[in-house]
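Below, each chain spelled out in residue letters.
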Amino acid sequence: MEYNLKEIDTYAKSWIKEAGENIRASFPKTLNVTSKSNPNDLVTDIDKGTEQYFIEKIKGTYPDHRIMGEEGYGDEVKSLSGVVWIIDPIDGTMNFVHQQRNFAISIGIYIDGEGMIGLIYDVVHDELYHCIKGNGVYLNEKSIPKLTEARVSEAIIALNATWVAPNKRIDHELLIPLVKDVRGTRSYGSAAMEMVYVATGRIDAYLTPRLAPWDIAAGIIMIKELGGEATDLRGSELDMLQQCSLFVSKPGLHKEILKNYLKDGKW
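These numbers were taken from a predicted model, which means no experiment stands behind them.

Before going further, it helps to examine helix α7 (residues 253-260). Those residues of α7 that sit buried are L253, H254, I257 and L258. Down the axis of α7, the buried side of the element spans an arc of 125°, and every buried residue falls inside it. Across α7 from its buried face, at more than 90 degrees, point the exposed residues K255 and K259. On its buried face, α7 sits against α4 (172-181), β12 (205-211), β13 (229-231) and β14 (244-249).

Along the chain, S26 falls in helix α1 (residues 5-26). The buried category is assigned to S26, whose relative accessible area is 3%. In terms of polar contacts, S26 uses its side chain to reach the backbone carbonyl oxygen of I23, at 2.6 Å. Setting aside anything within four residues of it in sequence, one finds S26 in contact with I46 and F96.

Moving on to the nonpolar core. Nonpolar side chains in soluble globular proteins generally cluster together in the buried interior. Counting residues in hydrophobic clusters, the biggest one holds 42 residues, and the most contacted among them are I86, Y206, I216, I220, L246 and V248. Elements that contribute at least two residues to this core include exactly β4 (83-91), β5 (104-111), β7 (127-132), β8 (137-139), α5 (191-199), β12, α6 (213-225) and β14. Apart from the residues within four sequence positions on either side, V248 is in contact with M195, V198, D204, A205, Y206, I220, I223, E229 and A230. I55, I67, V83 and I111 belong to the second largest nonpolar core, which has 31 residues in total.

This part takes up the packing of aromatic side chains. This structure, assessed with the given rule, holds eight aromatic pairs. For the pair Y53 and F54, a centre-to-centre distance of 5.5 Å together with 70° between the ring planes defines the contact as edge-to-face. Given the relative accessible area of 13%, Y53 is considered buried. A residue is classified by how much of its surface remains accessible, and F54, at 0% relative accessible area, is buried. With a centroid separation of 4.8 Å and an interplanar angle of 75°, the aromatic rings of Y188 and Y197 are classed as edge-to-face. Classification of Y197 as buried rests on a relative accessible area of 13%. Each residue in the set Y11, W15, Y62 and W85 is aromatic and connected to the rest through ring pairs, giving one cluster.

Analysis parameters
- Residues numbered from 1 in each chain as written.
- Predicted model: local features only at pLDDT ≥ 70, side-chain atom pairs only at ≥ 80, totals over all residues.
- Heavy atoms only, no water.
- Buried < 20%, exposed > 50% of the residue type's maximum accessible area, 1.4 Å probe, protein only.
- Helix = DSSP H or I, 4+ residues; strand = E, 2+ residues; numbered from the N terminus.
- Arc of directions from axis to C-beta.
- Contact = heavy atoms within 4.5 Å.
- Polar contact = N/O pair within 3.5 Å; in protein donor to acceptor, adjacent residues only side chain to side chain.
- Core = buried A, V, L, I, M, F, W, Y, C linked by side-chain atoms within 4.5 Å.
- Phe/Tyr/Trp six-rings, centres within 6.5 Å; stacked < 30°, edge-to-face > 60°.

Structure, rendered in structure tokens:
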């Protein structure tokens, strides 16, 4: 089946901008904050309302499209056949609650399993990163250049400090040498923003042991479009139907880190 990508992209941009306006309007109000899996896994009425807004718009325009959303108001998606919108209404909810910055709306649109449209909206700065596969990546109306190769000794990587302390997900001893060898490390608290920073070259790589599809769906489309690498921490293809680890980087750097620090997946 043929799909009009430009039309879908135009609608998606309009909706994400309007959702951003609604979020900015919420800043002066008192938020209704609850926790999900643990006390630090926060969700607000704004997260829920934003996801419901997208569902209403998408289903009203494209009733046959399916929606996978973080807050669970969408469809039960067990395959990526047809058109699937993978949505994180607020990626970086803790930042949203505590800082009212360093968060984003993320939308990845997949057609028969292939990432075709990616949008990440930095609401506070009114910066919309967007792409249609094969047509480049843009920040608002400005084209983002292709990624160039990097090496560990000159790299700034995004890595949460949790993963270089004893934890249940990854052998932290593997990552300590990497932290020592790179030029610097950063942690922004929003996977979507950290992936955008890789796409724009502000950082050179981002590694994390566990993310959901809605965290990464848009960002990996952009990074691949710009010539970067996007895999799990073993170097394997990402599964957009379940939680997985994530390793995105500039070309060259990806292979070096996999081989010399992640031991080709032996962790």
